[in-house]
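# Examining the three-dimensional arrangement
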Amino acid sequence: MNQFQPVAGGVDRWVMPEAAMNAVVIADGGEALVVDPGTLPSRAATLLDAIVARGDRLVGVVITHAHWDHCFALGAMGGVPAYAHPAAIEELREHGEQQRQEVLGLAGPKTAAELRELDIVLPDTPVSDPVTVRVGAVDVELEPVGRAHTAGDLVVHVPAAAVTITGDLVETADDPQVAESGDVAGWLAALDRLASRAQPLLVPGHGDPCGHERLASHTAFFTHAVAGDGETG
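Notes on the structure in this doc start here. The structure presented is a predicted model; accordingly, all values stated were derived computationally and were not measured. In this convention, every chain numbers its residues from 1, walking through the sequence in written order. With the structure being a predicted model, the display of local features is reserved for residues of pLDDT at least 70 and the display and counting of side-chain atom pairs for 80 or more, all residues being used for whole-chain, interface and lining totals. Just so you know, side-chain values use all the structure's heavy atoms and leave hydrogens and water out.

Note on conventions: DSSP H or I runs of at least 4 residues are helices, E runs of at least 2 residues are strands, and numbering of each starts at the N terminus. Assigned secondary structure in the protein consists of 6 helices and 12 strands. Relative to the compact-globule value of 17 Å for 233 residues, the protein shows a C-alpha radius of gyration of 17 Å, a close match. Overall, the C-alpha framework of the protein stretches about 50 × 40 × 30 Å when taken along its three principal axes. Each residue is placed in one exposure class: buried if its accessible area under a 1.4 Å probe, protein chains only, is under 20% of its type's maximum, exposed if it is over 50%, and partly exposed if it falls in between. Looking at the 233 residues of the protein, the share that counts as buried comes to 52%. Accessible surface, the protein as shown: approximately 9,800 Å² in total, 51% of it carbon and sulfur. For a compact globule the rule gives 2.2 Å times the number of residues to the power 0.38, and the radius of gyration it is set against comes from C-alpha atoms. Shrake-Rupley sampling with a 1.4 Å probe provides the accessible areas, and residues are treated as covered by the protein chains on show and by no other component.

This part takes up the sheet that holds strand E3 (residues 21-28). Here we have 7 strands laid out as an open sheet, ordered E1-E2-E3-E4-E5-E6-E7, and mixed in their pairing. The sheet is open, and its two edges are formed by strand E1 (5-8) and strand E7 (125-126), each paired on a single side. Bridge count between strand E4 (residues 31-35) and strand E5 (residues 57-62): 5 bridges; the pairing is parallel. For Leu-33, the partnering residue across the bridge sits in E5 and is Gly-60. Every residue pair with non-hydrogen atoms within 4.5 Å of one another is taken to be in contact. Only C-alpha atoms enter the line fits that serve as axes; for helices the fit covers just the stretch in contact. Angles between N-to-C directions range over 0 to 180 degrees. Those strands touched by helix H1 (residues 41-53) are strand E2 (11-16), E3, E4 and E5, and its axis lies near 150° from that of E2. By the convention used here, strands pair only if DSSP detects at least 2 bridges between them.

Moving on, we come to the pattern of salt bridges. Opposite charge on two side chains allows them to pair when their charged atoms are near. The term salt bridge refers to a pairing of a side-chain nitrogen on Lys or Arg with a carboxyl oxygen on Asp or Glu at a separation within 4 Å. On inspection of all chains with the given rule, the structure shows 10 salt bridges. Here Arg-134 ties to Asp-139 by a salt bridge, and the two come within 2.6 Å at their closest N and O atoms. Given the relative accessible area of 49%, Arg-134 is considered partly exposed. Members of the salt-bridge network, linked through shared partners, are Asp-12, Arg-54 and Asp-56.

What follows is the structure, given as structure tokens:
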């Protein structure tokens, strides 16, 4: 059963069944920001109900990158700003339907039925330069890192909680996977940037929170791949 899993003060994760993706909720002073609402509107609606039940009001949504398991449920979060890298918005516009068709081939009957019916909603607030969003009295820093895992990745820093939410730039559940629109050189640059700018605790797109040692592990993984045959899995 889905439930809030505390990460740090004011930051919780909520693991979605589809690809065990980490939706993250940042909350303070009766306000909440969701990072990556997941795949299915019904699951995002359950998360939103839980946010409201504990006394918080949704004030925004952040999409770290344009992959189905992170953003197809955006339509259930309507009425608030939805932030994303401009390239992620364009990628979802151009390839969202293709992603839907690919996932339908893997989904069970109930999930497939909801996937067919959902509207693929585009984020409406492009983030091309770093911007700070206020949640209650907490500053949340949105940092676009460009082409890495996908054509346009975005990370979320919560300095007050010493947490950075990385999307799929960091994974602890598996090795990193470069999307068709991604770039290994860009990912290595993003990892280097995170090593110098990220908060001590990282919340990955999939898997348990970790420290900066995972950045070094990913860097070694890609460096080995580039030095070898270029395959990244």
